[in-house]
Each structure stands twice: as C-alpha cells, then as structure tokens.
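Here are the chains, one letter per residue:
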Amino acid sequence: MSNEIRFFVPTAIRAFVNGVVQRIEVAAGVSIKQMIDLNPTISERVSAGEEYDLGMTNPGYAKALIAAGYAEVGSHRAFGRVPLAVAQRPGRQDRVKENVEDLKALFREAESIAFTGVGTSGRIYLKALERIGLTDAVFPKSKAMGGGEPVASVAAGEAELAVAPLTTILSTPDIVLAAVFPEELGTHIDISVFLGIKAHPGASQALSFLTSSELDDELAAAGIFRFALD
C-alpha cells in the first residue's frame, strides 16, 4: 500500500493547509499529495471518478457525493466557515467596512470589481448584489476571473477591488482588507471534510487532526471559523 494520501483542497484554504500539512503528515503517518481546486470543480472531479482519500468542499456538494456513492457514508464532518470579504490596494482607507450600507457605498464608488467567476465565492457575490439591490449598478463593472486571479489583479493594480474569501485576502501579499460582508447577508462559505471510498487508513487520522479543537485558534487567525453541519 502506498504511504501517500490524495487530498482535495479548496483554493480558498490552500494557504492554511500549506501551513499545517507537515503536522497532518506526522499525525497521520503518511505523506500528502494536495490537489487544489475550486469547490465546484472538486465536486466535478470526484463525480468523474478521480481517485482521492480525503476531500474538502462545500457541505452541499459533499452530501451529494456521499448520496451518489463517491464518499464514505458517516465520514462527513464540518471543517470551517470563511466569510466573504473585499480586498483593495494598501493606503486607501484605515477602517474595514463591516455593515451593509458601507459595503454598498464601497461598491458604488469602485470603478472595477474582480470576482471568481466559477467559484462558490463568485456565485455568492452575485446573489448578494441582488439581495442588496445593486445588480444593475455594480454587475456591469464586475469582472469574472479564475481562481486566485481577483486578488492578484488588485495587487497588480488591474482592478480596484476584489471579492474573495477572507482567507485568500489575508494570505495574499500587497493587498489589504477593505470590507467583510456582514453576517446578516448569509454570504459565508462553509467547507466540510470527508473520506473517499476505500480511503487510505491514514486519511482518517488526517481528518481527525483537521477537525480537532487544537486547530481552532490557528483557523480563526487565518479567517476560518468552526461551525456545525445542518
């Protein structure tokens, strides 16, 4: 049996996983091959039959994969909740906006807003614009991009703002946090963890490590907060 486990990691939390991967390997007694992708694409790759031992994606996708026989029944656990947030270049303001009216003003005043077109964060962003009545005013100046590209475009001066998971913004150099979407908008991104069918035994130990309370403070510092599955 190989001493490597294949681990699907969402793009939004790759920086955190990179920071703890050696500790996961020690806890599980295995080496880890990370397979990083957007949440919807992880679901598609698993559904297409790609082999894996441990996976993370949004709970809705995880439940569907279990129901379809692509993930182990009973292995599904909550991992973390990531707020949706907004990035900008340094030096433009000294206060992070955290209420709906301030967020609306930020979007109205911006000349360009980048977001992830095929990711969970992009879908949530577009729904939030509709909910706060800004679709007509803001969507025309919003640009859909690939995973990781919105924050990079702000750092490069190509876009004024980027909508992205808080984790991505906090781990990207040359940008700062401009706003966090208020809790009342329901725009957080939930991520859960599960085992593949016939997973390597070490994957169970890795799952236990990732869901243990000893990581809670580190997760919070990275912009990830524990939650309970419905």
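Residues numbered from 1 in each chain as written. Predicted model: local features only at pLDDT ≥ 70, side-chain atom pairs only at ≥ 80, totals over all residues. Heavy atoms only, no water.

J.: Just to check I follow, could you spell out the sheet that holds strand E2 (residues 31-37) for this structure?
T.: Two pairing modes exist for strands in a sheet, parallel and antiparallel, and in both the strands are linked by backbone hydrogen bonds. On the basis of which strands lie adjacent, the open sheet formed by five strands has the order E2-E1-E3-E10-E4 and mixed pairing. Two strands bound the open sheet, and with one partner strand each, they are E2 and strand E4 (77-82). Pairs of neighbouring strands in the sheet enclose a mean axial angle of 20 degrees, with direction left out of account. When strand E1 (residues 4-10) meets strand E3 (residues 54-57), the two strands line up parallel, connected through two bridges. Residue pairing in the sheet places Phe8 in a bridge with Gly55 of E3. Of the strands in this sheet, E3 and strand E10 (189-195) touch helix H3 (residues 59-67), which is tilted by about 30 degrees from E10. (Pairing = 2+ DSSP bridges. Helix = DSSP H or I, 4+ residues; strand = E, 2+ residues; numbered from the N terminus. Axes fitted to C-alpha atoms, helices over the stretch in contact; angles between N-to-C directions. Contact = heavy atoms within 4.5 Å.)

J.: Is there a simple way to explain the sheet that holds strand E8 (residues 161-165) in this structure?
T.: Overall, mixed pairing links the five strands, which are arranged E7-E6-E8-E5-E9 in an open sheet. Each edge of the sheet is formed by a strand with only one pairing partner; in this case those strands are strand E7 (142-145) and strand E9 (176-180). Going from strand to strand, the sheet's axes swing by 35 degrees on average, the running direction of each strand aside. The pairing of strand E5 (residues 84-88) with E9 spans four bridges and is antiparallel. From the neighbouring strand, Ala87 faces E9, where its bridge partner is Leu177. Contacting E5, strand E6 (113-116), E7 and E8, helix H5 (residues 120-131) runs over the sheet at an angle of about 130 degrees to E6.

J.: Teacher, can you tell me more about the side chain of Ser142 here?
T.: With respect to the helices and strands, Ser142 occurs in strand E7. Only 2.9 Å separates the side chain of Ser142 from the backbone oxygen of Val138, close enough to count as a polar contact. Beyond its immediate stretch of four places on either side in the chain, Ser142 contacts Ile113, Phe115, Tyr125 and Leu129. (Polar contact = N/O pair within 3.5 Å; in protein donor to acceptor, adjacent residues only side chain to side chain.)

J.: Would you mind showing me how to read the packing of helix H1 (residues 14-28) against helix H9 (residues 201-210) here?
T.: Geometrically, a packed helix pair is captured by the angle between its two axes and the distance between the axes. Here H1 crosses H9 at 130 degrees, and the two axes come no closer than 8 Å. Taken as axis vectors, H1 and H9 run oblique relative to one another. As for the relative orientation of H1 and H9, their crossing is right-handed in sense. Residues Arg23, Ile24, Ala27 and Ala28 of H1 lie in contact with H9, whose contacting residues are Gly202, Gln205, Ala206, Phe209 and Leu210. Across the contact of H1 with H9, the residue classes break down as six nonpolar, two polar and one charged. (Parallel < 35°, antiparallel > 145°, perpendicular 65-115°, else oblique. Left-handed = near helix turned anticlockwise from the far one by under 90°. Nonpolar A, V, L, I, M, F, W, Y, C, P; charged D, E, K, R; others polar.)

J.: I tried to follow H1 on my own but got confused; where do I start?
T.: Side chains of residues three or four places apart in an α-helix project in the same direction, reflecting 3.6 residues per turn. If you look at H1, its biggest bend is around 50 degrees, right at Val20. What H1 keeps buried is the set Phe16, Val17, Val20, Val21, Ile24 and Ala28. Elements that come into contact with the buried residues of H1 comprise E1, E2, E4, H9 and helix H10 (216-221). (Bend = angle between axes of the 7 residues up to and from the residue. Buried < 20%, exposed > 50% of the residue type's maximum accessible area, 1.4 Å probe, protein only.)

J.: What is the right way to look at the packing of aromatic side chains in this model?
T.: Summed over all chains, the structure comprises six aromatic pairs. A centroid spacing of 5.7 Å and a plane angle of 50 degrees characterise the contact between Phe8 and Tyr52, whose relative ring orientation is tilted. Of the two residues, Phe8 sits in strand E1 while Tyr52 sits in the loop between helix H2 (39-47) and E3, which places them 44 residues apart along the sequence. Owing to a relative accessible area of 0%, Phe8 belongs among the buried residues under this scheme. (Phe/Tyr/Trp six-rings, centres within 6.5 Å; stacked < 30°, edge-to-face > 60°.)

J.: Sorry, what's going on with H3 here?
T.: Within H3 the residues assigned to the buried category are Pro59, Ala62, Leu65 and Ile66. Around the axis of H3, the buried residues are gathered within 120 degrees of arc, so they sit on the same side. Seen from the open side of H3, the exposed residues pointing more than 90 degrees away from its buried face are Gly60 and Ala67. Just downstream of H3, Gly69 is the residue with a positive phi angle, here 85 degrees. (Arc of directions from axis to C-beta.)

J.: Help me understand the nonpolar core, please; the structure alone is not making it clear to me.
T.: Across soluble globular proteins, nonpolar side chains show a tendency to be buried alongside one another. Formed by 64 residues in total, the largest nonpolar core has its most connected members in Phe79, Val86, Phe107, Tyr125 and Phe181. The element that contributes the greatest number of residues to this core is H1, accounting for six residues. With residues up to four places along the chain from it excluded, the contact list for Phe79 reads Ile13, Phe16, Met56, Ile191, Ser192, Val193, Leu210, Leu219, Ile224, Arg226 and Phe227. Among the nonpolar cores identified, the runner-up in size contains ten residues, and Phe8, Met35, Tyr52 and Ala62 belong to it. (Core = buried A, V, L, I, M, F, W, Y, C linked by side-chain atoms within 4.5 Å.)

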